[in-house]
Amino acid sequence: MDTTREPAGQRQADGDAAERDSGTLEATETFVAHRSLLFTVAYEMLGSAADADDVLQETWLRWVRVDAAHVNDPRAYLVRITTRQALNRLRSMKRRREAYLGPWLPEPLLTTPDVAADVELAESVSMALMLVLETLTPAERAVFVLREAFAIGYDEIAAALDKTPAAVYQIAHRARRHVEARRPRRSVTARQAEAAADAFRRALETRDLQGLLDVLAPDVVAISDGGGIKQASPRPIIGADKVARFIVGGLTRNDVALTVEATIVNGSPALALHVDGELDGVLAMRVEDTRITGLYFVRNPQKLTHLGSETPLTLR
């Protein structure tokens, strides 16, 4: 009698386990292949890299349980899951945003030079546009991001939002009109934006008030976000003179060791400011006609925790 033969039930169980492992591996490979796209969709909808990561985790947990044999288009299916999870989170975040202390800015996202070179992609993740998207309803924001940033078809968006294509078309039209009325115009090349940021950095490092005035547009707007944890202006500062004096008075005090590092945030030139060796904030910029028209200073430590170890993203 052969006592080494494996019982039929055990062989079946081993076969089932191997099949599950194979399915999980295939699901993982598919998810990883589309991860950059899914992250960008979630980030543009939420304005938070941390929340976007959470959405991707939720998307993965749902995706790995899906029978891939019944999925004709994995990319569309994953975008649908991500959109729905981001919408759920966006609605729950509304109360948190309403209770936020001081101006709210998107969580800064380190991006590669390739993103800055792609004008449309850089615009879609820019601080300026992300702030405009904050004024949309959750459904409008989802439709605008999927349609305008990723050119996803109305039928596919309708499936993600459980709406009819006709309804999605109307939402897209309304959202586009709203955004176009408020969207700042980027009229410079990546090199011109870098030149303006470099001039700003030199003036900041040398505490050159006139140098700051030379690179700031007359109607520049500065918004600072301390989240109630770090000191920040409670409202936007408008005008080159006021902004320059605010910067010189607040960021270049003689009693601190200030170092400024050029970087790329949300597809645009930015500065990482270190005070006494510690990251104090990230200053993103909006450049139009070779001058800086918008300054977005994120000091809230909770929005900076990932920047020290984060690898710049290519997105999409």
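Right above here is the structure, for reference.
Because the structure is a prediction, the values reported are computed rather than measured.

About the cut-offs
- Residues numbered from 1 in each chain as written.
- Predicted model: local features only at pLDDT ≥ 70, side-chain atom pairs only at ≥ 80, totals over all residues.
- Heavy atoms only, no water.
- Pairing = 2+ DSSP bridges.
- Helix = DSSP H or I, 4+ residues; strand = E, 2+ residues; numbered from the N terminus.
- Contact = heavy atoms within 4.5 Å.
- Axes fitted to C-alpha atoms, helices over the stretch in contact; angles between N-to-C directions.
- Salt bridge = Lys/Arg side-chain N within 4 Å of Asp/Glu carboxyl O.
- Buried < 20%, exposed > 50% of the residue type's maximum accessible area, 1.4 Å probe, protein only.
- Phe/Tyr/Trp six-rings, centres within 6.5 Å; stacked < 30°, edge-to-face > 60°.
- Expected span 1.5 Å × (residues − 1).
- Arc of directions from axis to C-beta.

Participant: Kindly report on the sheet that holds strand β5 (residues 278-288), identifying the contributing residues and their values.
Facilitator: Strand order in this open sheet of six strands is β2-β1-β6-β5-β4-β3, and the pairing throughout is mixed. The sheet is open, and its two edges are formed by β2 (237-238) and β3 (258-265), each paired on a single side. Across the face of the sheet, helix α11 (residues 190-205) comes into contact with β1 (216-225), β3, β4 (268-275), β5 and β6 (291-298) while running at roughly 20° to β4.

Participant: Lay out the pattern of salt bridges with the relevant residues and their values.
Facilitator: Here the structure, examined in full by the defined rule, presents 20 salt bridges. For Asp51, the salt bridge is made with Arg96, and the minimal N-O distance between the two is 3.5 Å. Here Asp51 is found in helix α3 (residues 49-63), whereas its partner Arg96 is found in helix α4 (residues 74-98), with 45 residues between them in sequence. For Asp51, a relative accessible area of 7% corresponds to the buried category. In this structure, the salt-bridge partner of Arg176 is Glu148, at a minimum N-O distance of 2.8 Å. Here Arg176, found in helix α10 (residues 165-182), pairs with Glu148, found in helix α8 (residues 138-149); they are 28 residues apart in sequence, far enough to count as distant. Among the residues examined, Glu148 registers a relative accessible area of 38% and is labelled partly exposed. Taken together, the shared-partner salt bridges in this structure form one network comprising Asp51, Asp54, Glu58, Arg89 and Arg96.

Participant: I'd like a description of the packing of aromatic side chains, backed by residues and values.
Facilitator: In this structure the tally under the stated criterion is four aromatic pairs. Ring centres 6.2 Å apart and planes at 5° place the aromatic pair Phe39 and Tyr43 in the stacked group. Of this pair, Phe39 and Tyr43 both sit in helix α2 (residues 35-46), four residues apart, roughly one helical turn. Of the two residues, Phe39 and Tyr43, both sit in the buried class.

Participant: Report on α11, specifying residues and quantitative values.
Facilitator: Taking 1.5 Å of rise per residue, the 16 residues of α11 would be expected to cover 22 Å, and the 22 Å separating its terminal C-alpha atoms lies within 8% of that figure. Residues Ala193, Ala196, Ala197, Phe200, Arg201, Ala203 and Leu204 constitute the buried set of α11. Angularly, the buried residues of α11 cover 165° about the axis, an arc narrow enough to put them on a single face. The positive-phi residue at the C-terminal boundary of α11 is Arg207, with phi of around 55°.

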